[in-house]
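Chain and residue survey
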Amino acid sequence: MELSAEGLRHPLAGAVSARQQAGRYIYCVAGANEVLSLGSIGIEGREVHAVVHNDLCALVHDCVAQPYQSDDAQVATAWVLAHHQVVEAAWHRWGAVLPLTFNTIIEAGDGRSAEENLSVWLNTEYQVLRGKLDALTGKAEYGVQVSWAPSLIAGKIAETSPDMREMEEGIRSRPRGIAYMYRQRLESLLRKEMEARAAEEFKELYSRLSRCVDSIHVEKTRAVEEGRQMLLNLSCLVSLERYPDLAAELDRVGSREGFFVRLAGPLPPYSFC
Amino acid sequence: MSRPQVGLVDLLDRVLDRGLLINADIIISLAGVPLIGINLRAALAGMDTMVKYGLMQEWDNGIREAARSGHNMPAPATGALPASVMPPRLEEGVAAWQ
């Protein structure tokens with residue numbers, strides 16, 4: 001008996017192939033009417049092809065009508081990366097795409113096959129999808145993160161505030177018990193100052209950066225490397241013409257002492273569709 | 001500024017939590033909730049801290065709720081800070097510089 005790789009992966013190959021017709025995993029919608037296959041670039045090497053409606057197409061692979069689930073982080077990561085690579089390939093090919101969220105699987109129902117249901121959906125949503133695609137043409141998403149070094153900033157604040165300098169003096173010249181009280185007061189004051197400064201910086205950065213981009217989402221800040229603290233985490237939609245403005249603004253921020261900038265992109269517009 | 005680079009975390013956040021949502025019966029779902037990234041996120045939690053996992057889930061639910069009620073559109077970039085956006089809280093940082 002000849003054992004192909006396919007046969008090994010699917011001992012019930014016949015049964016699976018019949019059930020495969022039940023679902024279509026959707027990667028993205030693009031403004032193209034090419035009936036084509038992008039080859040075996042999908043999740044787990046599945047063949048990705050276009051389902052066309054008018055001048056729109058959805059890139060899909062045939063699958064069983066069940067969501068992807070795994071307890072293995074490596075497997076899951078490979079799926080996510082494959083999803084992204086298909087979206088990116090379509091994005092590079094056609095210039096604008098609407099990525100679907102991971103695990104969007106359309107199934108048969110209402111007396112129609114999955115692929116027919118997909119066509120009906122493309123038809124029903126045509127105007128909305130077309131409008132979104134047009135609005136996203138020539139634009140890319142960038143992740144922008146600004147962090148600071150809190151110890152450095154705190155040091156600067158303590159140096160420049162007359163109140164705090166006085167307290168520092170107090171700590172040095174007083175007996176231990178009193179010095180401890182001064183230390184407590186100083187730390188409380190510094191904490192408040194830092195929070196106020198962070199809020200100010202956040203507003204200022206948001207305001208400046210939002211003038212260099214087409215659209216903006218504020219994301220939750222997250223923990224960064226030791227000794228740094230994230231002040232601002234943005235997803236930005238940026239047109240080609242405005243990118244140099246954004247880059248210049250970020251260079252300016254990054255050149256400030258104690259400030260760090262991270263720019264991730266260009267990415268398909270995941271956050272703006 | 002260093003050259004822009006896309007990291008795994010940039011992709012995970014976006015592929016799992018963003019992208020177009022189809023609100024239709026023809027999408028596979030579990031008890032009415034689209035099964036999008038939920039199990040996957042549980043699998044990936046081991047790659048990051050549980051704190052982040054918790055944050056992401058809360059955040060994810062918020063985004064999906066907004067999407068369902070049709071308020072998923074990003075703010076127009078006018079330079080003005082939307083009233084709903086709060087500056088960061090520095091609890092972690094307090095420990096960092098004390």
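Residue positions are given per chain, counting from 1 as you read along its sequence in written order. To label them, take the chains in the order written and letter them from A, then take the ligands in the order written and number them from 1. Side-chain atom pairs in this predicted model are given and counted only at pLDDT of 80 or more, local residue features only at pLDDT of at least 70, and totals for whole chains, interfaces and linings cover all residues. Water and hydrogen atoms play no part in the side-chain values, which are based on all heavy atoms of the structure.

Let's talk about the overall build of chain B
The helix count covers DSSP runs of H or I at least four residues long, the strand count covers runs of E at least two residues long, and both are numbered beginning at the N terminus. Check the secondary structure of chain B and you find four helices and three strands. To sort residues, take the accessible area from a 1.4 Å probe on protein chains only and compare it with the maximum for the residue type: under 20% means buried, over 50% means exposed, and anything in between is partly exposed. Here chain B holds 98 residues, and the buried ones make up 41% of them. Long-range contacts, defined as pairs at least 24 residues apart, comprise 62% of the intrachain contacts of chain B with a sequence gap of at least 6. In the form shown here, chain B has an accessible surface area of approximately 5400 Å², with 57% of it arising from carbon and sulfur atoms. Here, two residues are considered to be in contact whenever any of their heavy atoms come within 4.5 Å of each other. Note on areas: Shrake-Rupley, 1.4 Å probe, and residue coverage restricted to the protein chains presented here.

Re the state of the cysteines
Residue and element names in this part refer to chain A. Cysteine sulfur pairs qualify as disulfides if the two atoms are within 2.5 Å. Enumeration according to the criterion identifies zero disulfides over all chains in this entry. Take Cys-28: it sits in no disulfide, and the sulfur closest to it among the cysteines is that of Cys-57, at 7.2 Å. Residue classification places Cys-28 among the buried positions, given a relative accessible area of 0%.

So, the packing of aromatic side chains
All names here are of chain A. The criterion for an aromatic pair is that two Phe, Tyr or Trp rings (for Trp, the six-membered ring) have centres within 6.5 Å, with stacked assigned to planes under 30 degrees apart, edge-to-face to planes over 60 apart and tilted to the rest. Scanning all chains against the criterion turns up seven aromatic pairs over all chains. Feature note: the residues Tyr-25, Tyr-27, Tyr-68, Trp-79 and Phe-102 constitute an aromatic cluster, connected by ring pairs. Two thresholds decide whether a charge sits over a ring: the Lys NZ or Arg CZ must be within 6 Å of the ring centre and within 35 degrees of the ring normal. When the ring centre of Tyr-182 is taken as origin, the NZ or CZ atom of Arg-185, which lies over that ring, is 5.7 Å away. Above the plane of the ring of Phe-260 lies Arg-228, whose end atom (NZ or CZ) is 3.5 Å from the centre.

Comments concerning the packing of helix 8 (residues 176-210) of chain A against helix 9 (residues 243-254) of chain A
Residue and element names in this part refer to chain A. At a minimum axis separation of 10 Å, helix 8 and helix 9 run at an interaxial angle of 155 degrees. Between helix 8 and helix 9, the angle is such that the two are roughly antiparallel. Across the interface between the two elements, Leu-205, Arg-208 and Leu-209 of helix 8 pack against Leu-246, Glu-249, Leu-250, Arg-252 and Val-253 of helix 9. Residue composition of the contact of helix 8 with helix 9, by class: five nonpolar, no polar and three charged. Only the stretch in contact is used when a helix axis is fitted, and all axes are lines through C-alpha atoms; the angle between N-to-C directions ranges over 0 to 180 degrees. Should an angle fall under 35 degrees it is called roughly parallel, over 145 degrees roughly antiparallel, and 65 to 115 degrees roughly perpendicular, with every other angle called oblique. Amino acids are sorted into nonpolar (Ala, Val, Leu, Ile, Met, Phe, Trp, Tyr, Cys and Pro), charged (Asp, Glu, Lys and Arg) and polar (every other residue, Gly among them).

Focus on unusual backbone geometry
Residue and element names in this part refer to chain A. Note that the residue after Gly-265, namely Pro-266, is joined by a cis bond; omega there is 0 degrees. Among the secondary structure elements, Pro-266 is positioned in strand 10 (residues 259-267). Even without a glycine there, the phi angle at Asn-54 is positive, about 50 degrees. Of note, Asn-54 is situated in the loop between strand 3 (48-53) and strand 4 (56-63). Positive phi is not limited to glycine here, since Asp-110 has a value of about 55 degrees. Turning to its location among the elements, Asp-110 is positioned in the loop between strand 6 (105-107) and helix 4 (114-124).

Regarding helix 6 (residues 150-160) of chain A
Residue and element names in this part refer to chain A. Buried within helix 6 we find Pro-150, Ile-153, Ala-154, Ile-157 and Ala-158. What you see down the axis of helix 6 is that its buried residues fit within an arc of 135 degrees, all on one side. Exposed and facing more than 90 degrees away from the buried side of helix 6 are Glu-159 and Thr-160. Relevant arc is that of directions from the helix axis to the C-beta atoms, nothing else.

Quick look at the pattern of salt bridges
Salt bridges are identified by distance alone: a Lys or Arg side-chain nitrogen within 4 Å of an Asp or Glu carboxyl oxygen. One pass over the full model with this rule turns up 18 salt bridges over all chains. Measuring nitrogen to oxygen at the nearest pair gives 3.3 Å for the salt bridge that ties Arg-172 of chain A to Glu-169 of chain A. Pair noted here: Arg-172 of chain A and Glu-169 of chain A are both in helix 7 (residues 162-173), with a separation of three residues, about one helical turn. Of the charged contacts, one joins Arg-222 of chain A and Asp-10 of chain B as a salt bridge, the two residues approaching to 3.9 Å between their closest N and O atoms. In this pair, Arg-222 of chain A is assigned in the loop between strand 8 (215-218) and strand 9 (229-239) and Asp-10 of chain B in helix 1 (residues 8-17), connecting two distinct chains. Each member of the pair, Arg-222 of chain A as well as Asp-10 of chain B, carries the same accessibility label: buried. Several salt bridges share partner residues, and in doing so they unite Glu-204, Arg-208, Glu-249 and Arg-252 of chain A into one network.

Thoughts on the confidence of the model for chain B
Detailed conclusions should not be drawn from predicted coordinates in areas where pLDDT is low. Residue and element names in this part refer to chain B. Residues of chain B with pLDDT of at least 70 account for 26%, and the chain-wide mean is 58. Mean pLDDT in chain B bottoms out at helix 4 (residues 91-97), which sits at 39, and peaks at helix 1, which reaches 87. Across the chain, each position has a pLDDT score giving the predictor's confidence in that residue, from 0 to 100. In the predicted structure, residues 31-36 sits below a pLDDT of 50 and forms 16 contacts with residues beyond four places in sequence or in another chain. Across residues 91-98 the pLDDT falls below 50, and counting only partners more than four positions away or on other chains, this stretch makes 16 contacts in the model.

A few points about the packing of helix 6 of chain A against helix 8 of chain A
Residue and element names in this part refer to chain A. In contact at an axis separation of 10 Å, helix 6 and helix 8 are set at 110 degrees when each is read in the N-to-C sense. Here helix 6 lies roughly perpendicular to helix 8, going by the angle between them. The element helix 6 and its partner helix 8 pack so that their crossing is right-handed. Taking contact as the criterion, the partners of Pro-150, Ile-153, Ala-154, Ile-157 and Ala-158 in helix 6 are, on helix 8, Leu-190, Glu-193, Met-194 and Arg-197. Looking at the contact of helix 6 with helix 8 residue by residue, the class counts come to seven nonpolar, no polar and two charged. Note: crossing handedness is left-handed where the near helix turns anticlockwise from the far helix by less than a right angle, and right-handed where it turns clockwise.

Quick word on a negative patch on the surface
All names here are of chain A. Only residues whose relative accessible area exceeds 30% and that take part in no salt bridge are eligible for patches, with like-charged residues grouped when within 9 Å of each other and nonpolar side chains (Val, Leu, Ile, Met, Phe, Trp, Tyr) grouped when within 5 Å. Charge assignment in this entry is limited to Lys and Arg as positive and Asp and Glu as negative, and neither His nor the chain termini are counted. The atoms used to mark charge sites are NZ of Lys, CZ of Arg, CG of Asp and CD of Glu. A cluster of acidic residues, Asp-163, Glu-166, Glu-193 and Glu-200, forms a negative patch on the protein surface. Contributing elements (two or more residues each) for the negative patch: helix 7 and helix 8. By the secondary structure assignment, Glu-193 is in helix 8.

Overview of the nonpolar core
Membership of the largest hydrophobic core comes to 66 residues, with the highest contact counts inside it found for Tyr-27, Leu-59 and Phe-102 of chain A. The greatest single-element share of this core, amounting to 10 residues, is contributed by helix 8 of chain A. Note that the domain bounds reflect an automated or database-derived domain assignment. Summarising the domain contributions, this core has at least three residues from each of domain 1 (5-137) and domain 2 (140-272) of chain A. Definition of nonpolar core: a set of buried residues of the types Ala, Val, Leu, Ile, Met, Phe, Trp, Tyr and Cys, connected through side-chain atoms within 4.5 Å. Judged by nonpolar contacts, the second largest core, of 25 residues, contains Leu-98 and Leu-129 of chain A together with Ile-26 and Ile-27 of chain B.

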